[in-house]
Structure formats: structure tokens, C-alpha cells
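# Reading the structure
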Amino acid sequence: MKILCVGDVVGQPGLDYLCEILPLVKQQTGADFVIVNGENSDKSGTGLTRHGAQTLLQHANVVTTGNHCYRRAGEELYTENETVLHPANFPYTTAAAGCCLIDTGRHGVVRVINLMGTAWMEPVDNPFKRADELLAMGDARYTIVDFHAESTAEKKALAFYLDGRVSAIFGTHTHVQTADEQILPAGTGYITDVGMVGPISSVLGIQPQLAVQKQRTHGPVQFAVAEGPAMLNAALFTLDDTTGLCTEVQRIDQRPR
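Residues numbered from 1 in each chain as written. Predicted model: local features only at pLDDT ≥ 70, side-chain atom pairs only at ≥ 80, totals over all residues. Heavy atoms only, no water.

### Points about the layout of surface pockets
Looking at the largest pocket, its volume works out to about 570 Å³. Each residue belonging to the lining of the largest pocket can be placed in one class, and the counts come to seven nonpolar, nine polar and four charged. (1 Å grid on protein atoms, 1.4 Å probe; cavity = no way out; pocket = protein on both sides within 12 Å on 5 of 7 lines; lining within 4 Å. Points joined across faces, edges and corners; volume = space filled by probe spheres on them. Nonpolar A, V, L, I, M, F, W, Y, C, P; charged D, E, K, R; others polar.)

### Some points on the pattern of salt bridges
Across all of its chains, the model carries eight salt bridges by this definition. Its salt-bridge partner being R72, residue D42 comes within 3.4 Å of it at the nearest N-O pair. Separated by 30 residues along the polypeptide, D42 in the loop between β3 (33–37) and α2 (50–57) and R72 in the loop between β4 (62–64) and α3 (76–79) bring together distant segments of the chain. Owing to a relative accessible area of 13%, D42 belongs among the buried residues under this scheme. We note a salt bridge from D132 to R165, for which the minimum N-O separation is 2.9 Å. Here D132, found in helix α4 (residues 127–135), pairs with R165, found in the loop between α5 (152–162) and β8 (168–172); they are 33 residues apart in sequence, far enough to count as distant. Classification of D132 as partly exposed rests on a relative accessible area of 26%. In this structure, a network of salt bridges that share partners links the residues K129, R130 and E133. (Salt bridge = Lys/Arg side-chain N within 4 Å of Asp/Glu carboxyl O. Helix = DSSP H or I, 4+ residues; strand = E, 2+ residues; numbered from the N terminus. Buried < 20%, exposed > 50% of the residue type's maximum accessible area, 1.4 Å probe, protein only.)

### Focus on α5
Considered for burial, the residues of α5 that qualify are E154, K155, L158, A159 and L162. For α5, the buried positions fall inside an angular range of 135° around the axis, keeping them on one side. In α5, the exposed positions that point more than 90 degrees away from the buried face belong to T152 and A153. For α5, the elements touching its buried residues are β6 (109–116), α4, β7 (142–148), β8 and β10 (189–191). The N-capping residue of α5, defined by a side-chain oxygen 3.3 Å from the backbone nitrogen of A153, is S151. Looking one or two residues beyond α5, the residue adopting positive phi is G164, at roughly 90°. (Arc of directions from axis to C-beta. Contact = heavy atoms within 4.5 Å. Polar contact = N/O pair within 3.5 Å; in protein donor to acceptor, adjacent residues only side chain to side chain.)

Written out as C-alpha cells, the structure is:
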């Protein structure tokens with residue numbers, strides 16, 4: 001089983017490039033299942049709309065999100081769509097909005113869990129405890145976790161905590177792909193941050209001059225999505241069909257030729 005996990009889609013350039021290139025990436029990698037983080041896919045660069053979710057689901061099996069999930073839509077987007085998730089450890093929501101089980105047929109059931117970190121983020125419930133609760137709710141041959149978090153230490157700690165109990169964990173939120181793809185000792189595939197789908201010449205998808213202004217002056221700045229050619233960052237996890245554990249991790253950085 002090969003599962004392709006795609007980084008945060010940023011703005012219209014990111015959404016357009018994903019729709020253009022993802023079918024080719026799926027073909028080249030032989031991916032059987034695709035998860036895309038869509039929390040920044042709105043044209044503003046933050047939030048997920050109903051239309052955006054529908055567009056992403058034309059190319060992905062499951063759409064995950066993070067701390068910007070309510071910027072353009074309410075809770076109903078997630079409770080009414082089984083395969084559109086927001087972090088399951090939000091303190092005021094149901095488990096169904098943050099976890100789904102998809103029967104793929106011959107490959108078996110894939111469970112996708114969306115969690116958010118607590119370090120330098122909005123107050124949420126403990127992701128370690130929430131993960132335990134979700135894993136106890138039922139069996140699945142494969143379990144993939146999108147951990148939307150700022151702290152690299154928190155991401156790595158959760159990965160070791162779940163090592164051997166889930167198939168793979170991929171980090172999102174920082175929009176910068178890390179070079180630490182690996183298989184942990186008990187067989188869980190891992191990468192600290194899978195990256196983004198968005199403009200190459202940007203600061204995390206935002207126009208560089210605006211990001212510079214924000215960091216230099218520490219004053220309020222209205223961000224805008226950068227323009228120009230985009231890239232697609234992803235990670236491909238190859239999973240054993242018997243154990244559900246990871247046998248290979250491949251980083252993907254797709255850019256226009």
C-alpha cells in the first residue's frame with residue numbers, strides 16, 4: 001500500500017498547481033491513497049471553503065486541516081463530510097470531525113487522524129490522550145496521522161509515542177519540508193514537516209516583501225499570497241499489507257521544469 005501525504009496547499013497558486021500536477025505525481029509514484037492538507041487553500045491564503053474542499057477531493061481521498069480550518073467555513077463543513085477533517089483534539093467538537101475510516105477494498109481500511117499541537121498554538125486538548133482514545137475506538141489495517149504543529153520536538157515526541165501503533169505520521173503547519181524522513185524503531189514512518197504546495201518565490205506562500213515588513217517592524221500587516229511558479233511537497237509512505245507498518249519513506253519536491 002502506498003499513501004501519498006501532501007503538504008499545506010496555499011492560496012490559488014497552490015490549488016491550481018496541485019490540480020495540475022497531482023495526477024502525474026500519483027501516476028509516477030503509484031500512490032493508492034492520497035491525503036492533502038487544505039487548510040490554507042482559500043485564495044486569501046488562509047482557510048478552507050466548501051468549494052475548495054470539493055476541488056481537493058477530486059484529487060485526494062481525504063482532506064486534513066489545522067488551526068485555520070474555521071476561517072472560511074463552520075463546523076458543518078467537517079461534520080457533514082466524512083473525508084474532510086479538522087484536528088480531533090479541538091475541545092468543543094466530535095471525534096467524527098477529526099478521524100475517518102475509509103474502506104479501500106483489496107487494501108483494507110485506512111484510518112486518517114488529524115491532530116493539532118499545543119506548543120505556540122491555540123489551546124486544544126492533549127493530542128497524546130486524544131490519539132489514544134481514537135486508536136481505541138476500532139481497528140484499521142493502516143493508520144495515518146497528520147500532526148499540525150509548530151514545535152518540532154512535540155511532533156517527534158508524538159511520533160515516538162505512537163511508534164508501532166500507527167503506520168505513519170507526517171507533520172504540517174510550518175510549510176517548510178524537512179529532510180528527516182525515516183522509519184522509527186517499531187515501524188512507523190515519519191517526517192517532521194511535509195512542506196507545502198504553493199509559490200516557490202515566497203515566505204511560506206506569502207509575498208516576501210510583506211513577510212519582511214512583518215518581521216522587521218513587528219507591526220500589523222495584511223498578508224497576500226505570492227505569485228509565480230509553485231511547487232508541490234509531499235511524502236510517500238510504502239506500507240506492509242500484512243502489518244500495516246512502514247517499509248519505505250520517500251520525500252517528494254515537485255517543481256515546474
